Amino acid sequence: TAACEALESLAAQLQLNRNSLLGHAHSQAMRAFCHLHNVTVQLSLAGIGDSGPKATPPSPMCLDHILWALQDNLSSSLDMALQRGALEALHHLSLSYPPPTVPSVWSCDQTPCTTLTLAQALLTSSRLAWGIQGHLELLELASTLFLACALAHMQSSARSGEPWCALGQPSLGSHASALLRHSTQLLAIFAHILDGREPDSKENRRLSVPGIPRRPTPDPTSPVRASPKASPGKPKTPLLESLQRPPLVPRDGIGQFAHVPHLLKVMDACKAAYTNYQVSLAPVGQDKFSQLLQVTHNTLAAMLEVALAEDVRSHVEELMGYLVITVRADTPGALLCVQQLLNALFGMNVAAQHTHLFSPYISSLPYDIVMPFRVTPSTSLLHCTLLQPLSLMTAWLQAPPPSTLLTPPNQPEEVKKRVWRKSLIMKPVNSVSSIKDYIGFFEPLVIMAVKQFPYTSSSLLQQRVLFLIVQLLQLKVRYELLDCSHAFLEAVIKLVSLMESGTVRGGERLVPHLFQFLVLLASDSSKLVTVPEVMQKCDGVMASGRNVTTFAIPALQPLVLTLFVRPSRESPDLETQREVVLNMLLRLVSHHRIITLLCYVLECYSHRRQQWQQVSSQIFAALLPHMGRLQVFLESREALLALYQLLTAMDPSAISIQALFTALLKPAALESVKELISWLGVLCTSLGVMVTIFPEATTLQQISSLHFAVPSLCSPLASVPQQPCEDREGEGHTAQHLARFLRGALYLAVSALAQLEVQRSYEDFQLVPVLATNILLLWQTLMQGPYPSLGPACASLPPHPHLTQALLSLASSHPLLTLHYLNLTLNTSSPDITLVTTLLQPPATPHPSPSLSLLHHCTLLLACDNAHPEVTVHATAIPTILDHTQDPSVKKLFQAAVKDEVLLQSLLQLLMSSDLTSPTHCLQVLQVCRQLHSAHTLPLLSQHLIPHPLSAVATTAATVAMEIVTALGSELSAEMAAQLIEELEPHSNRCGQLLLQLRELVGKVPAQEPTPVFSDPLAAGSGSVVAHSVTEPWLVERVGVFCHTLDANPEECVHVLGCLGESARSIIEASDFNQALLECCLVRGLQLSKARDPTHSPSHLDSLEMEFTTTGQQSSRLHPLMQASVNRLKQGLKADPTDSALTRPLLWLLIAQQQLSNEIPLEQETAVAIATLTLHSLKDVCSKDDSLALHSAMDCCALALQSPEVCQTISEGWACEAVQCLCDIVQRAYEGADLQWVEQGEEKGALEKAQHQLQSILTVLLPPRPPPSSSSFYLSINALTMSLCRVPSLHPCTLLPPALFRVGGGVSDRMLDQALMESEILQQYMQRINSIGWLNRPQFEERWMQLLGVVNQAPPPEGTPTEEYNAYVLNVSAGVQAVTSLLLGATLRPTPGNPTHCPPMHTHHNGDVLFLGSRPGRKLARLRRVLELQLLLQCGARSSLLNHYQSPSLQQIISPHYPPIYTRNIERGLGEVGLG
């Protein structure tokens, strides 16, 4: 938890620098101009009770880096604790920065979303999901990510007939199907647990016919039904029976989970949590069982939000069967799923309407979701930061007012046709079914909810029930069928009465749904409530003195929608009712939600000219005094847009621009920052009205008599003095007054913003930078469009140093604000030179902030775009210009330089003075020269770039110079050509063609062309090499020279020898061959030999074999390198069998003999030499400290004893000497080991002494004694000990337990059979058999009969004490285990009974899959073999500390050679086999 909180704090505070300024510019533009993306203001039918916009924290720049690190740990880490922490951190961050609000940070706008894929994979197959908390976090993370991806890729026109066609991406459709299935399976699990059913019960199987409403069959085994005391004296109602019925999973339902082991483990965890839930005293909803159930309901609701009717129609009965059960534990969540299911069936969700106005799920989220505004990505900084915001402002100004709630203006026509405009009833989207086809499924739960409403105190539950009833009324369900006793209506009316007195807790959530229900009921044919009665109750709520925003306005909204937007019928009292409601609205006109409702009122009268003018004048007259007194609540961006849309929706004749500016100039002082926000909002609205409605002449004429003065700000947080304007007459002076007034208003906003940031009060007034940005954008829009006289007026204004200083102070936090003012001044004839010069200077710090770097780059590009004589560009700005050569402003600068020779010379001087040592910088300079395409660039190319030491730069420079010379032709002067020839003569090897072209121009053509040479690419251009043709004899000769030297590189020599094939024999078998390379040759030969065998090695190793021989010459399975190396080793053994240098090569020879299934024959002479060399090496190193040599000697001796040819040549003396060496090694490894039997055996024969020594060594090695500190040392000792114990002369005595071995004189079979009746001796006996094994079949049969005697021993007589009887039972059970172990030893391959070097045989019990015999099956088998090899290599890599081998490429050989264990049994999962 502490780590998660630290990560969240880091994501909230840390700011990382972006590698690309363009990405930072995009993020800054989205943050500064995001209010321009939402060009419509709509009111939701599901969330109209919210008091204000929900807070959505801005995402920090480093969040994507943190998310990438957490995803990497979650997907690749093998530590469960680290995975658990990464999951918790991701879940924590998804709650703090929800993916639907920042889809680009979570990569939800990309396809596929890697985080969603990872979360869904872990949810359905990882051990993290076996726990309640882990499953909850994964499910919530996956559902939130999926919702963000679905909203980002939602299609406006979907192709019918395809599953999940509304999502637009096939990958999202697969994610949707998987999440819907998983959430349904979880609901089925909860239903089984709540109803006490098991998943494999046969009662859960039945057929379901989609589209036929029928009630589920009651369960005859239900305890509630069988109990006679359940309801004495009362008949059982259908509602009670439906609630007591167990969940029945259809045979073809998507909720089947009994066949999924992963979900069965989740069910076990849920059962344990449910046990705690039943006895817990924790508040409702805070235990793990309830939390997981709530998240499951929310996930299902999210899936239904993006589903069409075709996607869920066949699952309605199954889902309702689960929800009827789960409603007991989470009633609000189950009702939410029912509402979402109705929305999905009848086309009222986001997938059908492309708006979330009807979604109860989205309105219940703690954050706002704005439908994504897709902006075309720009590659130009100026377009991203300047041009695109201006186009957004134009679209914002031209946005029409909302026409109707159900048909936003940005919807396509096919979506608008789905809406029934004349009533509140939604038509089904793409089916001929109606509510009567599905009401049978919803009826039990709806009746339960209606009956529970009067008795519950949960406002959330009451809100869900009210909205559910509203949905059913919209679908033309008769109210009498829902509430035949009118108890629900009486409870609603009582609640409305209690609202006026303020005695209802959470009343602000219920008010909108209460009045929406009453308005719909008034439109119903039942006539239980009338519209005047609803208006009277609404007026009572307004007069109660409660909060206007949370009580009065939500109560008025359903009335406005019914009377103005969608009147259900024409009545004689309709106009009277409209006038009454309009007067009620005008009493609250200062609230922006009322302003939005007034937009709908004006839209209602827009078709009747006279009434439209009258209502417009009435609204403007009521609104203007509030604007003058700054009482209009413009506390959000939606409020600004609503006020502007209201004024533009009015009749233009009803609006007076003079009245707007009079109200704006009325306050002389602003006493708070909120008043400043209101004043700036009124100013932005007035400027917007000027742009869209009033022409320039009319506006200037009406405001010419006004006295412009910007009010002062006298607030404890910020203080700005008043700035009066001079009074002059005339149209030009009026424009100058207006420009000065706008600049003063901008200074007021910028100064206040700077002071607020200093005092850390910026979070409370985030609308101030938005208003300042709007003023600048509207100012530029006025100058570039309908008010051209503002340009000269701005140019005539004197500089404003205080405004410049304030903008510079905001450069790091609001760079685009400073940039837009700079663009405004540069578009006039008198720019702010101080501001431009300051921003053009390079940053003082070596690592400036991204915002300062962005501002510096954009200022430089603006200076290139708007050339001014007083603006000079420093030489340090050249890298910036070169980074943006494709920017339109830089291209404009280059075009001007081509026409202006002075500008071109200055630009070339700056390029020459820059750093031309960096290759990247030089290539950028070449791009500039190519764009300039002038003869003045040739000296730069010839003097600096063609002589460059990097050949790539020099070649490109010569190509560019050749293009320029060819284009100029005869226009190039002879003097310049001669000078270029003189400068390029030393570099003729780089620019020969260019020199020929220049000499032709001056008339000096050489006698003959220079002969081309092969230039060394690493040289500077002065040297040359001769090209040779590589042949096999030449290569053999060169390789032989290197292999005969002592300082040769082993890896390179061996690799080349492997490529030579048969030609390598002569090199290896030569007398002067370096014997140190022999070990590496054997390793490489083993690799290539295994690569030849199709049953041994995967196909990717074939690429390692690059031979000169043909395929037909490969008659032997052994590679020629392996054969030559084996022959060379045999020669060395025959020459000197005591040469210790041959120990390591001999070790690899024995390994190769085992892994190649004895393909390497060993003659008797070679076997004798091997036995001699191994014993000599062991005796030579047993008393030394060379650990590598000791390991090699022990392993070589152990492997030699596994070879039948070597075992036939050894004698008893050889075995005794080897045991003596082993005893010395064990005494050194185990300090203080008890080897007293060795001393007793010194008086006996050598063989008996060796037997005593082996017994003592086995006592030390076998458990319970721990191994030595070096595990690899223990493995080598153990392998040598067990190999010596299998020597025929030593084998019988090593199997006896210590207690029997002490007897001496030999142990008879009868004595051994009696001793095995004791469990301790039996355990020691089987321990030795399991470690040493047996040698032949008679030994196996002998051990088998001994153990059968233990199992079949006579039981003790009756009356035996309990201790003796328990000992008998333990001994028999130990005998059964011993027999089983003996049988398993017979399955060892390739040598049964040899557990030291033979793995167990794998036999599957499943039938062969016919698919494996097909062509794709064989391909799959080959791929699985590659995976097996990689698994074994990982085993070797993870256990690298346990081996001591130091040869190259050894990890591919040292792993145990198992047969292909997955070739036949394809059902066995790879994850079931551990990797060490």
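Everything discussed here concerns the structure shown above.
Each chain has its residues counted from 1, running along the sequence as written. Local features in this predicted model are restricted to residues whose pLDDT is 70 or higher, and side-chain atom pairs enter the listing and the counts only when it is 80 or higher, whereas totals over whole chains, interfaces and linings include all residues. Values shown for side chains rest on all heavy atoms present in the structure; no hydrogens or waters enter the calculation.

Numbering of helices and strands runs from the N terminus, with a helix taken as a DSSP run of H or I at least four residues long and a strand as a DSSP run of E at least two residues long. Of regular secondary structure, the chain possesses 67 helices and seven strands. Throughout this description, buried means an accessible area under 20% of the type-specific maximum (1.4 Å probe, protein chains only), exposed means over 50%, and partly exposed covers the range between. Across the 1476 residues that make up the chain, the buried fraction comes to 52%. For this analysis, residues touch if any pair of their heavy atoms sits within 4.5 Å. Pairs at least 24 residues apart make up 76% of the contacts formed inside the chain by residues separated by at least 6 positions. Only carbon and sulfur atoms are counted for the fraction: they give 55% of the accessible area of the chain, which is about 66400 Å². What sets the accessible areas is the Shrake-Rupley method with a 1.4 Å probe; for residues, cover comes only from the shown protein chains.

So, about the packing of aromatic side chains. Any pair of Phe, Tyr and Trp rings, taking the six-membered ring for Trp, is counted once the centres come within 6.5 Å. Such a pair is stacked with planes under 30 degrees apart, edge-to-face with planes over 60 apart, and tilted for the rest. Applying the stated rule across the entire model yields 15 aromatic pairs. Taking 6.4 Å as the distance between ring centres and 90 degrees as the angle between the ring planes, the aromatic pair formed by Phe346 and Tyr438 counts as edge-to-face. One end of the pair, Phe346, is in the loop between helix H14 (331-345) and helix H15 (350-353); the other, Tyr438, is in the loop between helix H18 (413-416) and helix H19 (439-452), and 92 residues separate them in sequence. On the numbers, 5.1 Å between centres and 40 degrees between planes, the contact of Trp1334 with Phe1340 is tilted. Taken individually, Trp1334 and Phe1340 each receive the classification buried, so the pair is uniform in this respect. An aromatic cluster is defined as three or more aromatic residues linked by ring pairs; in this entry it consists of Phe190, Tyr274, Tyr277 and Phe289. Placement of a positive charge over a ring is assigned whenever Lys NZ or Arg CZ falls within 6 Å of the ring centre and within 35 degrees of the normal to the ring plane. Just above the ring of Trp130 sits the side chain of Lys265; from NZ or CZ to the centre is 4.6 Å. Across from the ring centre of Phe551, 4.2 Å away, lies the NZ or CZ of Arg546, which sits over that ring.

Paired strands, as defined in this entry, are two strands with at least two bridges between them according to DSSP. Spatial strand order, E1-E3-E4: three strands in an open sheet with mixed pairing. One side of each edge strand has no neighbouring strand; the edge strands of this open sheet are strand E1 (669-670) and strand E4 (719-720). As paired elements, E1 and strand E3 (residues 712-714) share two bridges and run parallel to each other. By the bridge assignment for E3, Ala669 is matched with Ser712.

Looking now at the nonpolar core. Put simply, buried Ala, Val, Leu, Ile, Met, Phe, Trp, Tyr and Cys residues joined by side-chain atoms within 4.5 Å make one nonpolar core. Ranked by internal contacts, the top residues of the largest apolar core, which has 328 residues, are Phe442, Phe517 and Trp679. Per-element tally for this core: the top contributor is helix H33 (residues 731-758), with 15 residues. If we ignore the near neighbours within four places in the chain, the residues touching Trp679 are Leu630, Leu664, Pro667, Leu670, Val710, Pro711, Phe741, Ala745 and Leu748. Listed in part, the 85 residues of the second largest apolar core include Leu1086, Leu1129, Leu1262 and Val1350.

Note on pairing: side chains with opposite charge can pair once their charged atoms come close. One speaks of a salt bridge when a side-chain nitrogen belonging to Lys or Arg is within 4 Å of a carboxyl oxygen belonging to Asp or Glu. Applying the stated criterion across every chain, the model contains 16 salt bridges. The partner of Glu575 in a salt bridge is Arg608, and the shortest N-O contact between them spans 3.6 Å. In this pair, Glu575 is assigned in helix H26 (residues 574-586) and Arg608 in the loop between helix H27 (592-605) and helix H28 (609-628), connecting sequence segments 33 residues apart. For Arg608, a relative accessible area of 33% gives the class partly exposed. Close ionic contact of Lys1130 with Glu1163 constitutes a salt bridge, the shortest N to O distance being 3.4 Å. Taken together, the residues span a long stretch of sequence, with Lys1130 in helix H52 (residues 1120-1135) and Glu1163 in the loop between helix H53 (1143-1155) and helix H54 (1164-1181) at a distance of 33 residues. Residue classification places Glu1163 among the partly exposed positions, given a relative accessible area of 40%.

A few words on the state of the cysteines. Criterion for a disulfide: a pair of cysteine sulfur atoms within 2.5 Å. A full pass over the atoms with the stated rule returns zero disulfides. No disulfide involves Cys1053; its sulfur sits 4.2 Å from that of Cys1043, the nearest cysteine.

Another aspect to go through is a positive patch on the surface. A surface patch of positive charge is lined by Arg1415, Arg1418, Lys1419 and Arg1422. Turning to its location among the elements, Arg1418 is positioned in helix H67 (residues 1415-1438). On the accessibility criterion, Arg1418 (44% relative accessible area) is partly exposed. Any residue with relative accessible area above 30% and no salt bridge may belong to a patch, with like charges joined within 9 Å and the nonpolar Val, Leu, Ile, Met, Phe, Trp and Tyr side chains within 5 Å. Counted as positive: Lys and Arg. Counted as negative: Asp and Glu, with His and the chain ends omitted from the count. Just so you know, the charge point we use is NZ for Lys, CZ for Arg, CG for Asp and CD for Glu.

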